[in-house]
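Structure at a glance
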Amino acid sequence: MKFIFIRHGEIDSNTRHIYSGRSQESLNASGVAQAINVARSLKNAGISHLYCGPLPRVIETAEHISAETGVELVKMDAFNELAMGPWEGLSEEEVAKQFPEDWRIWNTTPAALVLQCRETLAQLQKRALAGLAEVITRSPGAQKICVVSHVAVIRVIQLFAEQRALDEYKRLRVPNATPIILDINENKLS
């Protein structure tokens, strides 16, 4: 099945290299412009269903897409951002100083990182793939499904779709408000 994944538009934490996690941060001015532009680019893309995660920055982005395409927006917790635990709200520099060994693992073998109150990449992938399976069930006759979410969610789904290891997580580039088109084998989701 064909999916179009969109990372939300830019927020201030993105530009400051801060792990925003599940914060309630909204799009900045650049992010709003990005959301409007990606929505316009998708107007005639043939999207039949539109899903998004529950955080404001994702909802704001998805609402622009919904308005342009006329497709009803459905919010799902399965597409929420990675739970960052003790890293939430910290900059990359702060994490590197406060958690040097964990930072090393995150940048070399990210699938091996285990921190209290923080989802592992395997846990995140399991949640996101369960969400995709639910989306397929809820979207009979779907042509193209658009999912608006976060960098971490999109990366683990893309790694699954491309049959790549979770340790390749950091090698994927997922820019704000840029379509990533993936074919997902729905039979492999169960």
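Just above, that's the structure.
Just so we're clear, the structure is a prediction, and the values are computed from it rather than from any experiment.

Moving on: the packing of helix α2 (residues 29-42) against helix α3 (residues 56-69). One way to put it is that α2 packs onto α3 with a least axis distance of 8 Å and a crossing angle of 35°. Along this stretch, α2 crosses α3, giving a crossing that reads as right-handed. Listed contacts from α3 to Val 32, Ala 35, Ile 36, Val 38, Ala 39, Arg 40 and Leu 42 of α2 are Thr 61, His 64, Ile 65, Glu 68 and Thr 69. Residue composition of the contact of α2 with α3, by class: 7 nonpolar, 3 polar and 2 charged.

Given a rise of 1.5 Å per residue, 18 residues ought to cover 26 Å, and the 25 Å separating the end C-alpha atoms of helix α6 (residues 121-138) matches this to within 8%. Residues of α6 that are buried include every one of Leu 121, Leu 124, Gln 125, Arg 127, Ala 128, Leu 129, Gly 131, Leu 132, Val 135 and Ile 136, and no others. Residues of α6 that are buried sit in contact with β1 (2-7), β2 (47-52), α5 (100-108), β4 (144-149) and α7 (151-161).

This part takes up the pattern of salt bridges. Close approach of charged atoms allows side chains with opposite charge to pair. What the rule picks out here adds up to 10 salt bridges. As a salt-bridge pair, Glu 168 and Arg 164 come within 2.8 Å of each other at their nearest N and O atoms. Assessed through its relative accessible area of 27%, Arg 164 is described here as partly exposed. Across the pair Glu 168 and Arg 171 runs a salt bridge, and its minimum N-O distance is 3.8 Å. Because the salt bridges share partners, they merge into one network encompassing Glu 162, Arg 164, Glu 168 and Arg 171.

About the thresholds
Residues numbered from 1 in each chain as written. Predicted model: local features only at pLDDT ≥ 70, side-chain atom pairs only at ≥ 80, totals over all residues. Heavy atoms only, no water. Axes fitted to C-alpha atoms, helices over the stretch in contact; angles between N-to-C directions. Helix = DSSP H or I, 4+ residues; strand = E, 2+ residues; numbered from the N terminus. Left-handed = near helix turned anticlockwise from the far one by under 90°. Contact = heavy atoms within 4.5 Å. Nonpolar A, V, L, I, M, F, W, Y, C, P; charged D, E, K, R; others polar. Expected span 1.5 Å × (residues − 1). Buried < 20%, exposed > 50% of the residue type's maximum accessible area, 1.4 Å probe, protein only. Salt bridge = Lys/Arg side-chain N within 4 Å of Asp/Glu carboxyl O.

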